[in-house]
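# Close look at the chain arrangement
Take a look at the letters that make up each chain.
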Amino acid sequence: MDTQKGITDLWIFESPHVPAGYTLVQSGLNMNEKGAGRYLAYMRGEGAALTNLVLHVAWAEPSRVYQSEQPDVNLNEGAPGVGGGHAVPFYLAYAKAAEEGDSEIIDINVIKAADSLGHGWERIPFDLNSSVAGAPPLNLAFLRS
């Protein structure tokens, strides 16, 4: 039985040097190497743990069950877009209210799209860099309890 505490908070930092209390994801990958730094870190604190994640574009706000402590942090800030201009702005949000069949998220990582997943890991099948010119395909992956 896995007794690891669930992740209670996600935060996106501009550098891989995260403050005490936060843990940088295992890969340490910059989600936005073509623009402003975007490094994902998490915290295991008191309170409800995350149960679901969603990536959304600015004009497609997530449903009311999703939230974010950083709703204005564009994962593609400053990155050049495919075909010119700026990359499509993507945002990360999460849910803490479990729906039927959901369990706590106990680990999260940013991975290269070609990477294979370890046992029990799930991939969000969306390329974080799908609209970024010349950037490697990356996905979010997570592990449930």
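Here's a quick rundown of the structure. Only a predicted model underlies this, so the values are computations on that prediction, with no experimental measurement involved. (Residues numbered from 1 in each chain as written. Predicted model: local features only at pLDDT ≥ 70, side-chain atom pairs only at ≥ 80, totals over all residues. Heavy atoms only, no water.)

## Observations regarding the side chain of Asp9
Heads up, the rule is: Runs of H or I in DSSP of at least four residues are treated as helices and runs of E of at least two as strands, each being numbered from the N terminus. Side-chain atoms alone can form a polar contact between residues adjacent in sequence; in general such a contact is a pair of N or O atoms within 3.5 Å, and within protein one must be able to donate a hydrogen while the other accepts it. Whether two residues are in contact is decided by their heavy atoms: any pair within 4.5 Å suffices.
Note on placement: Asp9 falls in strand 1 (residues 9–13). Here Tyr22 takes part through its side chain, which lies 2.7 Å from a polar atom of the side chain of Asp9. For Asp9, the contacting residues outside a window of four places in its chain are Tyr22, Ala41, Tyr42, Met43, Leu50, Glu69 and Tyr94.

## Some words on the sheet that holds strand 1
Condition: Strand pairing is defined by DSSP finding a minimum of two bridges between the two strands.
Strand order in the open sheet made by the three strands is 1-3-2, with antiparallel pairing throughout. Both outer strands of the open sheet, strand 1 and strand 2 (23–24), are each paired with one neighbouring strand and no more. Here strand 2 runs beside strand 3 (residues 39–43); their pairing, made up of two bridges, is antiparallel. Its bridge partner lying in strand 3, Leu24 is registered against Ala41.

## Things to note about the sheet that holds strand 7 (residues 121–123)
Here is the rule we go by: Axes here mean lines fitted to C-alpha atoms, for a helix over just the part in contact, with angles spanning 0 to 180 degrees between N-to-C directions.
The strand order across the open sheet formed by three strands is 6-8-7, and the pairing between neighbours is antiparallel. The open sheet has two edge strands with one neighbour each: strand 6 (105–112) and strand 7. The average undirected angle you get between the axes of adjacent strands in this sheet is 25°. Here three bridges tie strand 7 to strand 8 (residues 138–144), and the two strands are oriented antiparallel to one another. Its bridge partner being in strand 8, Arg123 is matched across the sheet by Ala141.

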